[in-house]
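What follows is the residue order along each chain.
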Amino acid sequence: MNGDNINSSGLVENSSDGSGAFATGRYRNLFAEAGRNHDEIESKIDSAFQQLFHGDPNEQAVYYPAGENANGLLAYIYCPYTDDVRSEGISYGMMTAVQFDKKAEFDALWNWAMTYMHHDSPQHPAYGFFSWAVKTDGTPIDEMPAPDGEEYIATALFFAAARWGNGKGIYNYQARANQLLRDMKNRKFITGPTVRGVRTAGNLFDAEHKMIRFSPVIEICEHTDPSYHLPAFYELWARWGHEGDRQFWLEVASASRDFFVRTTHSKTGLSPDYANFDGSPWQGPQGSSGDSVNFLFDAWRTAMNWSMDWAWWGKDARQRQLSDRIQAFFESKGIADYGDRFTLAGEQLDPGHSDGLVAANAVASLAATNPRAEKFVDALWNLSVPSGQFRYYNGLLYLFSMLHCSGRFRIWSPNR
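Quick caveat: nothing in here was measured; it's all calculated off a predicted structure. (Residues numbered from 1 in each chain as written. Predicted model: local features only at pLDDT ≥ 70, side-chain atom pairs only at ≥ 80, totals over all residues. Heavy atoms only, no water.)

Remarks on the overall build of the protein
- For the protein, the count of helices and strands is 14 helices and 13 strands.
- A globule of 416 residues ought to have a C-alpha radius of gyration of about 22 Å, and the protein, at 20 Å, matches this closely.
- For the protein, the C-alpha atoms occupy an extent of roughly 55 × 55 × 50 Å along the three principal directions.
- Relative to its full complement of 416 residues, the protein shows a buried share of 61%.
- Within the protein, contacts between residues at least 6 apart in sequence are counted, and of these 65% link residues at least 24 apart.
- On the protein, roughly 15400 Å² of surface is accessible, and the fraction owed to carbon and sulfur atoms is 46%. (Helix = DSSP H or I, 4+ residues; strand = E, 2+ residues; numbered from the N terminus. Rg over C-alpha atoms; globule rule 2.2 N^0.38 Å. Buried < 20%, exposed > 50% of the residue type's maximum accessible area, 1.4 Å probe, protein only. Contact = heavy atoms within 4.5 Å. Areas by Shrake-Rupley, 256 points an atom, 1.4 Å probe, with all protein chains shown as cover.)

Encoded structure:
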C-alpha cells in the first residue's frame, strides 16, 4: 500500500519517491482550482504573513523582535494567552519564514532559540534539545522538550540550507539539522537537575515502535501524540540525514502511516490528543491530561500531517480515505459552525468554532477525493487573518494552511 519494499524480516529496504510533489515537483493550488486568480491568492497570503509577523504587536503580530547579540538579530514567536514562548511556535515561525524566503526573520528566530532554549551541557537531561516553554526574557518555565518543535526545527534548517546556503557557526544550517536528527534518534538517557526538579530523559523516538514520543522524560515517554507524527518529514530525513540512520527514518515513516489508520476513529476520522503506540487513546491523570483521549487542540493538526504526507509523497492511499472521513464528519456537524472539541465518536464537547481547526481541515483537502473538499478550502479562504488573544495557535495554523492550500508549502532540497 505505501510503496516501500519490505524484506522477509519486515524491514523497509528502500523507498521509491512515490507519486507526490517530491517526485514530480508539482504542488496543487487548491485556491486556483476553485477559480481564484494568481494575484489575489498571492496578495492574500503575503498580507497574512505581514500581519502576523509585522502587524500591530498588541493585537496582530506573533513575531517579536528582541534586540541582538554577537550572532545577530533576535526574535521570538509570542503566545499572548499564556504570556510565553514555545519551541512549537519558534519552529513554526522558522518553517513559515523559510517558505516565505524571509532569511532575516528565520535567522533571528533561530538565534533566539539557540540563545535561550537550546541545551548545550552534556549533563543536562535535555542536552541537544530545546526547552518547550520559556518566558519572553528567556527564563525557563519547563526545560524539557516537546518533540514536535525539534521535528519542525530540523526540517526548517534543511530547507534553509537549500534556499540560502550554509553559513558559519549556528548558521551552518545543514550541520545543525543533522546533529539534531542524530540526537533525536540516538541520544542516551541523562539524569540531572532542571527548574522543575531532577529529571531523566532520553531520545525523542521510541526504537521499538519506531514512533515519536510525547516526551523524552522517562515517566511519560511510553506514549505519543498523533499530531507529532510527520511522515512527510521522515522521508526527507531518510534521504538527507546521517547514512547510518536513514533506514530507521524510512521505518518511522511507514510506522506513522499505519498509526494514522489505527488511532483515528473508524467513523469520524477523529484522533485523540495523546495515544499509546498501538493507536489507542492515552488516558492521562485527571486534572491534567485527563481528557487527552478526546479530539482536542493538538489533534487538529493530525489530518494536516497525513495530508501533507500524501501531497509530498503519494505513498499511502489510506490517507485519502482518512481525509474523506474526517471532512464528512465535520460537514455533518455544519461546516460553518462545528465545534472544536469532540469525543472520538463525535460527541461535541465545546461549541467554539476555531480558526485553527477550520484551517487544518482545509489542508485535508489535499488528500480528499470527495467534492465536499472544496467547501473546506472555501471556508479557509473566507477567514480573516486571526488576531487578538488567540492569534498564536490559530494564526500559525492559518499561515501553514494558506501555504499548503496554495502550493507554497514546499520541499527545499539541500542535496538536489
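Here we look at the packing of aromatic side chains
- Tallied over the entire structure, the rule returns 44 aromatic pairs.
- On the basis of an interplanar angle of 75° and a centroid distance of 6.4 Å, the ring pair of Tyr171 and Tyr173 is categorised as edge-to-face. Across this residue pair, the class does not change: Tyr171 and Tyr173 are buried.
- One aromatic cluster is present, formed by Tyr92, Tyr152, Phe158, Phe159, Phe233, Trp240, Trp312, Phe400 and Phe409 through successive ring pairs.
- Against the face of Trp381 rests Lys44, its NZ or CZ located 4.9 Å from the ring centre. (Phe/Tyr/Trp six-rings, centres within 6.5 Å; stacked < 30°, edge-to-face > 60°. Lys NZ or Arg CZ within 6 Å of the ring centre and 35° of its normal.)

Notes on the pattern of salt bridges
- Enumeration according to the criterion identifies 26 salt bridges in this entry.
- Ionic pairing is found between Arg318 and Asp316, a salt bridge with its closest N-O pair at 2.7 Å.
- Connected through salt bridges with shared partners, the residues Asp17, Glu235, Arg239, Arg257, Asp309 and Lys315 form a single ionic network. (Salt bridge = Lys/Arg side-chain N within 4 Å of Asp/Glu carboxyl O.)

Remarks on the nonpolar core
- Of all hydrophobic cores here, the largest spans 119 residues; its most connected members are Phe106, Trp110, Phe205, Phe233, Trp237, Trp312 and Phe330.
- Those residues in contact with Phe106, other than ones at most four positions away along the chain, are Met94, Ala97, Val98, Ala156, Leu157, Ala160, Trp164 and Tyr173. (Core = buried A, V, L, I, M, F, W, Y, C linked by side-chain atoms within 4.5 Å.)

Structural notes on the side chain of Asp183
- Along the polypeptide, Asp183 turns up in helix α7 (residues 173-186).
- With no salt bridge to any partner, buried Asp183 finds its closest opposite charge in Arg187, at an N-O distance of 6.4 Å.
- If we ignore the near neighbours within four places in the chain, the residues touching Asp183 are Gly128, Phe129 and Asn203. (Lys, Arg positive; Asp, Glu negative; His and termini not counted.)

Overview of the side chain of Thr194
- Relative to the elements of secondary structure, Thr194 occurs in strand β8 (residues 190-194).
- Of the polar contacts made by the side chain of Thr194, one reaches the backbone nitrogen of Arg196; its length is 3.0 Å.
- A polar contact is formed between the side chain of Thr194 and the backbone oxygen of Gly197, at a distance of 2.7 Å. (Polar contact = N/O pair within 3.5 Å; in protein donor to acceptor, adjacent residues only side chain to side chain.)

Section: the confidence of the model for the protein
- Of the residues in the protein, 94% have a pLDDT of 70 or more, and the chain-wide mean is 95.
- Every residue in residues 1-14 is under pLDDT 50, and counting partners more than four places away or in other chains gives 32 contacts. (pLDDT = per-residue confidence, 0-100.)

Some points on unusual backbone geometry
- Of note, the phi angle at Asp83 is positive, near 55°, even though the residue is not glycine.
- Note on Asp83: relative accessible area 48%, which makes it partly exposed.
- Of note, the phi angle at Asp101 is positive, near 60°, even though the residue is not glycine.
- Within the secondary structure, Asp101 is located in the loop between α4 (87-99) and α5 (103-116).

Some points on the pairing of strand β4 (residues 72-79)
- Of all 8 residues in β4, 7 are buried; the element is thus mostly enclosed.
- In terms of strand pairing, strand β3 (residues 63-69) meets β4 through 5 bridges, oriented antiparallel. The partner of Tyr64 across the bridge, within β4, is Tyr76.
- The antiparallel hairpin formed by β3 and β4 contains 2 residues in its connecting segment. (Pairing = 2+ DSSP bridges.)

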